[in-house]
Structures are given as C-alpha cells and as structure tokens.
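# Working through the structure, step by step
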Amino acid sequence: MKKTKIKNTGEYVYTEKLKNGLEVIMIPNNKVKNFYLTLNVKFGSIHTNFKFEGKNHKLPKGIAHFLEHLMFNMPDKTTAFEYYSKIGSNINAFTTYEYTSYEVYANSKFKENLSYLLKYVYTPYFTKEIVSGEKGIITEEIKMISDNPASEIVYGMYRNVFVKDERKYLIAGTVDDIKSITLDDIKLAYDAFYHPENMFLVITGNFDPTEAVAIATETLSNFEFPKYEKPVIKKYKEPAKVATEYFEKEMPVDMHKVTIALKIPKSNFKDLELSNLELKMYLSLIIRINFGNTSLLKEELLSGSIISDSISYHLTDTLDHFVIAILANTDYPDYFMQRINEKLLDLSISKEEIERKIKTSISNLILCFDEIKVVNSDIQDDLVYEGKFIHDIYDYYQDINIESASKVLEKLKNHEKSVTIIKPKE
Amino acid sequence: MVYKEYKMGPYNLHTIKTDKFKLVHMEIIFRNIAVKEDITKRKFLFDLLTDLNKEYNSKRNLVLRLEDLYNASLYSVTSKVGNLVITNLCMDFINPKYTEKEMLEESLKLPFEMIFNPNALNKSFDLKSFDIVKKRMEANIKSLKENPRKYAVIEALKTLPEGSKSSFTNIGSLTDLDLITPSSLYNYYEDVLSKDHVDIYIIGDLDMEEVNEIISAYAKFKVIKNEKLDYYINNTKRKLVKKSENYLYAQTNIVLILNLNNLTDYEKKYIANIYNIILGGGSLETKLYKKLRNEHSLCYNVGSMYQKYDGLILITTAVDINQENFAVKLIKESLKEMENNISDEEFNQAKELIISSLNMSMDNIGRVVDNYFYKNTSDLDDYETRIKEFKNIKKEDIYKFSKKVSISTIYSLVGGEKDEKN
C-alpha cells in the first residue's frame, strides 16, 4: 500500500491496487465518527456504443442508469436496501455521463458495510420481472426530471451544443428508451463494464486503511472474475459547430432561464504546453473573475434589475472540447445576452484577481477534508477525469500565473456559441 | 467536545471546542413568536443585512471582503419552527491557525458589523440595496412553482384551519412583500434588536476565552429577554379536507397531512420519530416505499416528514395522474398497517436507523450546534438519554400511538394527461 502526503493539508492518501485490478483510494479522518464508501464503475450514460469481446454493440440510451437501479436485487430475493437498513446504514447510488457510483454512509460495522458493498455490486441478479418492474419507477423519475426547469435548462444546453457526443441524450434516457431495454441488454452492460479492472473503490472518514484493504481482498477472494479486456468505446468526431445556435422552450417558470454555452475545441490550446487539468483551472479562473460574484458585470446587471441573483457558470470537459455554460434568470433575456456577448469579446484578468482567487482555492482545499463526502467526491472526479488522484493540487495552484492566464484567455476567442432559453408559458 | 455557556445578559454565548473541524462556524440565532405578516419582513431584513452594510456597501464589496478573510461565508436562514420563527445568521471561516492569527478577530467581528452598521440613513434602509433584495425575494417567491413538491406542500398546509401557524411559510408572500418599505423595514429591524431572544454559538478549535473577549467587544445587543418561548402548536383533530388543483406538470404530486392528536411529551420526543421512520422517513425500506415503489412501481420518491413542534406528519409522493387514487389507497393501507402490523424487522431497523442518524449528526458542524441549541431552548434531551429512550421503545408503544393519528388533508397538485379509459 502506498502512502502519499497531500501537500499543504496535513492529510495522507493511501492507494492500493488489488490482484483482481480494483483500485482502492483511501483518505482516513479519525476525528469524525462516520465513514463513506463508494464503489465506482467507469460506465456512464455516454457509453452505449462500444466494442466488447470482438463484437460491436449499441445499447439503448439510459442503460447505465437503469442497471444502477437493478443492482440492489440479490438472488435470495432480498435487496441491498434491506441489508443496510438492518444495520442502520444509509445507501444510495447515482449515474453521471461518465460513471456510476454506489455509496454507503455509516458509523459502525465497517467490515460488514464494506464487505456487503463489494458483495452486492459483484453479484448480478437480473430477471425479466425485475427489469419490467423497474420500468414504471424510472418512467416516473424521468417525468419528475422533466417537471424541473433547472434540469431542463442543463439538458437542453447539452442537446443544443453537441452534434454527436452522447451528452446530448438524457442520463436516464427517454420513456421510449426505457421501454426498449431488455434483460439481455442489462446482462451485456454488466459483463462489459462491471469488472474490478474498470472500477475503483474510494473510502473516506473513520477507518483503518490496512484493515480496509484486508476486508476488500478477503471479500473478493470469494469471487471469480474472468479475464478482462476493457470495452472500446466508440469515439465520435465531434464537430466544432454547435448542433443548434438558438433554442427556446416554454415551461411553467416566472422568469426566463438563459444559458449561453461556448464550445471551445481543445485544439485551440495545443501550443500552450498546459495539461488538461491546468487548462481547466485557468478556464474556471477566467470565467469566475469575469462573471462571478466579484465581477463588475454581475454588479451592473444586478443593480439594473437585469438579473435577480447570481450568474452561475459550469465547465464541461469532453474528449475534444471544453464547454463553458453561463446561466442566469432574467426578465430581459435579449439585453442579458447582449451584455454577456459584449463581455465575451472583452474578457480580462489581473494579477491581483488571480492571487485573490488562488487564496480562496487553497482555503477550500484545506477545508474540504472536514467533509468526508466532499473529499470522496473530489477523488471520484480526479479518477474519472484525470485518471489518478491529484495529491499535489496545491502545487498546481501555486503555478498559476498571469502570463499563462492571458494566453488561455486569448484562445477563448475562437469558439462556437449556443443559446438555450426556457421562457414563461403564456 | 467541550461545551461552555457564557451568560452575557442581552445574549448568551455558547462555545463548543473541538478539533474535529478545520472550519470555524458561528451562528447568531434570533428567535421570537411567529407572526404571519412579519415572516416576509424578517427574511427580507436578514437577506439585506447579510448582503451589505455601510462599509461594504454592495454585495460585491462584501464578497471581496469575505475573500480577504480566506473565503469566509456569511449567510442567514430564516425558519418557522412550530410556534416560533428562528433566524440563524451564520459565519464560516477557516481556523486562523491555517492562515493568519489576525483573521480570528477580523472574521468574528464581521457579522456584528453587518448587524449593527446597516446601510441606512434617517431610520430608513438605502433604497438601491433595498430594491435589489426585494427583486430577489420576489423572484424566489414566484419561482416556487418550479419545485412541484415544495409548492404542493405549501398549498397543502394552507388547508389547515385559519390562523394555524403550521400554514405559515418560510419563503414569504408577495402581498406582504409589496407592503414593505425601506422605513417600515427599519422599524422592524429595531423591533428585532430589542425584542428577539439572541444566542451566539461558536464551534471550532479556538481559545474560547479569547473568543468571548472579542465577541463581547462587538455584540452590542442591549435588551435582556427572560420570558420563555414555547415551541409547540396544537393542531386539533378535524374532519378530513380534500383539495386538488391543476397545474402544468407531467406528474401529479400528492400530499397527505396527518394530525397527531393529544400526544404526551414522551410521544412527541420519541415515539413519533420511530413511527415516522417505519412509515416513510429515513430509509428505502419503509412501509410507504415498499408498497408504492417496490410492489407497484408507482413512483420514484415517497416519504414522510415528522414536524415535531407542529404535531404533524406530512406524506409526499408524485405519480402518474391515472394512479392518483390508487396511490392514496396504498398510503391509507400503509397507515392501517401501522396500527397492528409492524414486523420485528421494520421495528428494529427503525431503531438502528435513528441511532445511526444521531451518530451521523455529530460529524455535521451545523447539526452539532442545532443539538445544543434545541437542548438549551426546547425539550431535546442529551445524546445519551435519546439513545437510551429510543432503545426502550416497544412495538406496542407504536400501535398505541397510531390510534392518535388522523388524516387531516389530502391535497393533489394534478399534472399529466388522463388515459381515456379513466
């Protein structure tokens, strides 16, 4: 087991790769009472088109999320919910575009909690009846999401930005996608992706890393995993152009919800010699300074009653693009868009602003270890997007400089734009 | 954790020393009897006080100051809790041992500077900042319909008898908002400072004597309040009210309000919690969850919430429009089962869950403060007593309790399209 210091935090990360290929990442905090376990599969909603064991497969949209719902069933007709309820633990699961996560939050019986998490996720049990029963539940979940304008604006934005990238589809799929899912689809998805070599276990909170590895090793020694070749996910050549430049939809909202999304090819930055992580840090910084709570633009729009609250922003990292989304609620969508567009042509950044934001990021870095769920989630993000836990993120913050920031800012001028609006229903 | 109380006259300072967190969390807690017309005003006032003051005269300037304090955060939460309205004005900042020693006083004094140095002149708040907060509140109130579940709960609570404080909402009303002016809000500000009960809680790894010294230099509260404020509301049993309303959603949201009649103190504090967990609170193995989701695939979410100080349980779910009556029937069946058909497994699970949830709360900095606050101002027992009492509950206690439960309201926020056969 490897123990690495996490710079400037006083914390350590422990890592181990088990014989079966499962990667284990642990950050203990024995001052708290609870522990948080997540078993993660690198299988998200965008992985529906792939080659596995020599054959090409195309599964229905929403399959990763559907499979997540089914995993809790066990062959003895019990469910993982029953097991964990008996020992007083909280469990849940979620699916993103990139991965699926199974989580346990508890404060006693560490061995039982960890051992059963591995046991239930590595014990597939699917029947036609189970698949059919889950369809009604997921249909209601999809309807619930469609009643939420905040989700609709985000999903709408992705639909309008991407031409081929599978982020243009809903994570849960549509009601018709769900209807088409079969037992065979589910079995294939499980076999292709749910192998320790394609998964990682993250443990944070009150536990002992040596014991955790021993429990995982012992538990998994009872399972036989076939020789595994990771599925080859079909790569789409995503065009630089957006799918739709302007889209509006009516919903029961009082104010317009507006998103302006910038689609920026990663090739823009290839001569800068910055890593993907560094680019993301610079992009976040530039957007935060120009549109965030300390920006003059936000203050101007707030004072003029153009917006009623903050401007929010979000960065998406795909294979060949970054997408920056700027969102706000407004009664004046045209004027709001005009001002954002003007600002996009006049982005600026100063040394003083950079230093101020770095100071806040370092404070957040230290504080994130107070929250075992937050630190666990940060590790998940690192593993999925960077391929490893970034234990020296502090150094990355220290390396941020005005020269590189200015170069990244220059490259932002080359982008495509898509506007998505949810407007009040007449 | 080492707890200490400093009785300072116009306010009490409560310190909780622990090295569990790198964060320092301070809450200045204002509480008083809830008055319907004042809830909007109160939320408005504290939103304004945490947005800016005379020195930091715009939200931007305040955020810049917070960033100078190593990304501290300042915010307020106003909640209607039973008979009372409580506002928690919170300040979070990184422990100065990780930054600079001077940050302790700089951070501790900021919330008091916001409270005692508002952006006002001649007993009237600055109009520009008043308008910004008003616009934000208006947008928040109007956006309520964007959350069908929350909207349905608020509408369901409005069916309670006129004057019941349980029907007051935390978010305020547009009618009350329209009546507020910069000077009426300033009058209310003076009222709050002179009439509200004030407690200050601070938790973190600090020298609490030093903290007391700093706070006493800035906390210029003047009026001593001694009368006891009672949290409990009595919602008496009444004939069932059914109400439905149509809206443009894809799902039909259902809310059932259950009245809990003539409970003993012990039932309020202990039995009702276990009853609620078995029925629909807490896990994915509740009676409601099993019946509506697992057995009949009717919904994604179904749950119940115990409102201790209101003497109510609220059940919420969202289903297809054509399954509305069936869902209500299944909820009623679940309630019937609570009277005489609880398995040992369900009962034991509920106890495990509540004890585990108490332990979980000890890692949450805000909930640690809540635990001390409600122990000091209400009837919450200490941690050990609560564990012991929950363990002692018998199934018969739950059956006896279930006889005191009656359905008060069935509310439907109807959305979706009906099948022709229906």
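This is a predicted model, so every value here is computed, not measured.

As a further point, take the nonpolar core. In this structure, A:L117, A:I324, B:I200, B:V255, B:I274, B:Y275 and B:I278 are the most contacted members of the largest nonpolar core, which totals 224 residues. It is helix α9 (residues 276–291) of chain A that provides the largest number of residues to this core, a total of 9 residues. With sequence-adjacent residues up to four places away left out, B:Y275 is seen in contact with B:M338, B:I398, B:F401 and B:S402.

Let us now look at the pairing of strand β3 (residues 23–28) of chain A. Residue and element names in this part refer to chain A. Looking at chain direction, strand β2 (residues 11–17) and β3 are connected through 4 bridges and run antiparallel. When the sheet's bridge partners are listed, T15 is paired in β3 with I25. Hairpin remark: β2 followed by β3, antiparallel, with 5 residues in the connecting loop; positive phi at G21, about 105°. The pairing of β3 with strand β9 (residues 199–205) spans 6 bridges and is parallel. Opposite I25, over in β9, you have V202 as the bridge partner.

All names here are of chain A. Domain boundaries in chain A define domain 1 (2–233) and domain 2 (246–424). With 32 residues of domain 1 in contact, the opposing surface of domain 2 contributes 31 residues. Those elements giving two or more residues to the side of domain 1 that touches domain 2 turn out to be β1 (2–6), β2, β3, β4 (35–41), α5 (149–161) and β9. For the side of domain 1 that touches domain 2, a count of residues per class yields 13 nonpolar, 12 polar and 7 charged.

For A:S305, which is not glycine, the phi dihedral falls at a positive 60°. Note on placement: A:S305 falls in the loop between α10 (296–303) and β13 (312–317). Of note, the phi angle at B:N262 is positive, near 50°, even though the residue is not glycine. Relative to the helices and strands, B:N262 resides in the loop between β10 (252–260) and α9 (265–279). You can call B:N262 exposed: it has 10 C-beta atoms within 10 Å.

As a further point, take the packing of helix α1 (residues 63–70) of chain A against helix α4 (residues 128–146) of chain A. All names here are of chain A. For the pair α1 and α4, the least separation of the axes is 10 Å and the interaxial angle reads 110°. Between α1 and α4, the angle falls in the class roughly perpendicular. By crossing handedness, the relation of α1 to α4 is classed as right-handed. From α1, F66, H69 and L70 reach across to α4, where they touch I130, V131, E134, I137 and I138. Counted by class, the contact of α1 with α4 contains 6 nonpolar, 1 polar and 1 charged residues.

Cut-offs applied
Residues numbered from 1 in each chain as written. Chains lettered and ligands numbered in written order. Predicted model: local features only at pLDDT ≥ 70, side-chain atom pairs only at ≥ 80, totals over all residues. Core = buried A, V, L, I, M, F, W, Y, C linked by C-beta atoms within 7 Å. Buried ≥ 20, exposed ≤ 12 C-beta atoms within 10 Å, placed from the backbone. Helix = DSSP H or I, 4+ residues; strand = E, 2+ residues; numbered from the N terminus. Contact = placed C-beta atoms within 7 Å. Pairing = 2+ DSSP bridges. Domains from an automatic or database assignment. Nonpolar A, V, L, I, M, F, W, Y, C, P; charged D, E, K, R; others polar. Axes fitted to C-alpha atoms, helices over the stretch in contact; angles between N-to-C directions. Parallel < 35°, antiparallel > 145°, perpendicular 65-115°, else oblique. Left-handed = near helix turned anticlockwise from the far one by under 90°.

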